[in-house]
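# Commentary on secondary and tertiary structure
Residue strings, one per chain:
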Amino acid sequence: MSKLVIEIQPNAEVRTQSGTSKNGKSYSINKQEGWIHNFRDPYPTKINIALHSNATPYAPGMYEINLVDSVMVDRYGELTFGRLSLVPARKPEQQLKAS
């Protein structure tokens with residue numbers, strides 16, 4: 001079974017990236033630091049998570065990717081990730097009951 005777990009640490013930074021697009025519109029994107037555990041590599045990998053507009057940053061803890069909200073079909077009919085949406089990770093005993 002493959003599984004990805006995203007960890008948000010208590011000191012996770014939230015950065016705002018802003019500017020002006022090619023068509024002259026201003027934009028602002030908030031990104032939160034996280035760590036992805038893929039259980040294949042010995043150490044987690046640092047990632048940036050783009051937050052939805054006006055979204056509250058994720059609280060410290062362990063999360064799983066909400067595939068229903070994060071995966072979409074693009075204009076070419078290919079499966080792709082959109083903006084990540086996270087849900088609190090289930091504990092191992094909860095996973096066994098859900099299977």
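Criteria and thresholds
As a convention, each chain's residues are numbered from 1 in the sequence order in which they are written. For a predicted model such as this one, the threshold for reporting local features is a pLDDT of at least 70, and the threshold for listing and counting side-chain atom pairs is 80 or more; totals across whole chains, interfaces and linings nevertheless cover every residue. Water and hydrogen atoms were dropped before computing side-chain values, which therefore reflect all heavy atoms in the structure. Strands are runs of DSSP state E lasting at least 2 residues, helices are runs of H or I lasting at least 4, and numbering of each runs from the N terminus. The buried label goes to any residue with under 20% of its type's maximum accessible area, the exposed label to any with over 50%, and the partly exposed label to all in between, with areas taken from a 1.4 Å probe on protein chains only. It only takes one pair of heavy atoms within 4.5 Å for two residues to be counted as in contact. In these tables, accessible area is a Shrake-Rupley quantity obtained with a 1.4 Å probe, and a residue counts as shielded only by the protein chains included in the view. What makes a salt bridge here is a side-chain nitrogen of Lys or Arg within 4 Å of a carboxyl oxygen of Asp or Glu, nothing more. The definition of a nonpolar core used throughout is a set of buried Ala, Val, Leu, Ile, Met, Phe, Trp, Tyr and Cys residues joined through side-chain atoms within 4.5 Å. Polar contacts, as counted here, are pairs of nitrogen or oxygen atoms within 3.5 Å of one another; within protein the pair requires one atom able to donate a hydrogen and one able to accept it, and residues that are adjacent in sequence qualify only if both atoms are side-chain atoms. DSSP bridges decide pairing: two strands pair if at least two such bridges lie between them.

## Considerations on the overall build of the protein
Within the protein, the secondary structure is distributed over 2 helices and 8 strands. The burial tally for the protein puts 20% of its 99 residues in the buried class. Intrachain contacts of the protein at a sequence separation of at least 6 include 46% that bridge at least 24 residues. When the accessible surface of the protein is summed, it comes to about 7700 Å², and 53% of that surface belongs to carbon and sulfur atoms.

## Focus on the pattern of salt bridges
Any two side chains of opposite charge can pair, on the condition that their charged atoms come close. If you walk through the whole model with that rule in mind, you get 2 salt bridges. For E33, the salt bridge is made with K46, and the minimal N-O distance between the two is 3.3 Å. Here E33, found in strand β3 (residues 26–37), pairs with K46, found in strand β4 (residues 45–50); they are 13 residues apart in sequence, far enough to count as distant. On the basis of relative accessibility, which here comes to 13%, the residue E33 falls in the buried class.

## Concerning the environment of H52
Summarising the element assignment, H52 is placed in the loop between β4 and β5 (61–65). Counting along the chain gives 31 residues from H52 to R83, while the straight-line C-alpha distance between them is 7.7 Å. Filtering out sequence-adjacent residues up to four positions away, H52 remains in contact with R83 and L84.

## Focus: the nonpolar core
Of all hydrophobic cores here, the largest spans 10 residues; its members are I6, I8, A12, I47, I49, L51, Y58, Y63, I65 and L86. Going through the elements one at a time, β1 (5–8), β4 and β5 are the ones with two or more residues in this core.

## A few points about the environment of R40
Its place among the elements puts R40 in the loop between β3 and β4. Separated by 37 residues in the primary sequence, R40 and K3 have C-alpha atoms spaced 9.6 Å apart.

## Considering the side chain of S70
Structurally, S70 is set in helix α1 (residues 67–70). Assessed through its relative accessible area of 1%, S70 is described here as buried. Polar contacts involving the side chain of S70 include one to the main-chain carbonyl oxygen of N66, which spans 2.8 Å. When near neighbours in sequence (up to four residues on either side) are disregarded, S70 contacts I65, T80, F81, G82, R83, L84 and S85.

## Here we look at the pairing of β5
In the sheet, β1 pairs with β5 via 3 bridges, with the strands oriented antiparallel. Opposite I6, over in β5, you have Y63 as the bridge partner. Across 3 bridges, β5 lies against strand β8 (residues 86–88) in antiparallel orientation. Across the sheet, residue Y63 finds its bridge partner in β8, namely P88.

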